[in-house]
Amino acid sequence: MIRSVVFVVSLLFSAIGLAGGPTASPEGAGVYIISPADGDTVSSPVRVVFGLRGMGVAPAGTDKANTGHHHLIIDAELPPGDAPVPADAQHVHFGGGQTEVSVELSPGEHSLQLLLGDMNHVPHDPPVYSEKITVTVK
Ligand SMILES: [Cu+2]
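Just so it is clear, the structure is predicted and the values come from calculations on it, not from any experiment.

**Student:** Please explain the sheet that holds strand S3 (residues 46–53) as it appears in this structure.
**Tutor:** Each strand in a sheet pairs with its neighbour through backbone hydrogen bonds, running either in the same direction (parallel) or in the opposite one (antiparallel). On the basis of which strands lie adjacent, the open sheet formed by 3 strands has the order S1-S3-S7 and antiparallel pairing. Lying at the two open borders of the sheet, with one neighbouring strand each, are strand S1 (30–35) and strand S7 (100–103). Between one strand axis and the next, the sheet turns through 30° on average, direction left out of account. Sheet topology note: the S1/S3 ladder contains 5 bridges and is antiparallel. Among the inter-strand pairings, Tyr32 is bridged to a residue of S3, identified as Gly51.

Structure representation (structure tokens):
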């Protein structure tokens, strides 16, 4: 049972090209969106609160094991795991070590997902990312 789960998870990683970068993440590390909840109807600007377990938040450029900074992926798939996270309207960096943001979103459905990056904005190995949630902006 466990073996088949591991197999499926590794298939998922390869399917979406997430190999991870040179910086290791510890076992049990996880990132998650505290607020809003999946399926919520919200008004813009939307306050998004980031949660992290098993690792610490550090500003970009900080060379410290088991730390990273948040990236909010908006209406996009996860980027490649072995390259710096793009910086654009759909890939927002929190290189200052921020753990929440107020983001302007147009009315309609939007997806939100968190991806942790190392000091060089590259995802860890294995990559640390949240479930993708969907919110509706009224
Ligand atoms: Cu970054």
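Additional details are given in the paragraphs that follow.
**Student:** Whenever I open this one, the environment of Arg53 confuses me. Can you help?
**Tutor:** Structurally, Arg53 is set in strand S3. Taking the relative accessible area as the measure of exposure, Arg53 reaches 46% and is therefore partly exposed. Among residues more than four places away in sequence, those in contact with Arg53 are Gly28, Ala29, Gly30 and Tyr32.

What counts and how
- Residues numbered from 1 in each chain as written.
- Predicted model: local features only at pLDDT ≥ 70, side-chain atom pairs only at ≥ 80, totals over all residues.
- Heavy atoms only, no water.
- Pairing = 2+ DSSP bridges.
- Helix = DSSP H or I, 4+ residues; strand = E, 2+ residues; numbered from the N terminus.
- Axes fitted to C-alpha atoms, helices over the stretch in contact; angles between N-to-C directions.
- Buried < 20%, exposed > 50% of the residue type's maximum accessible area, 1.4 Å probe, protein only.
- Contact = heavy atoms within 4.5 Å.

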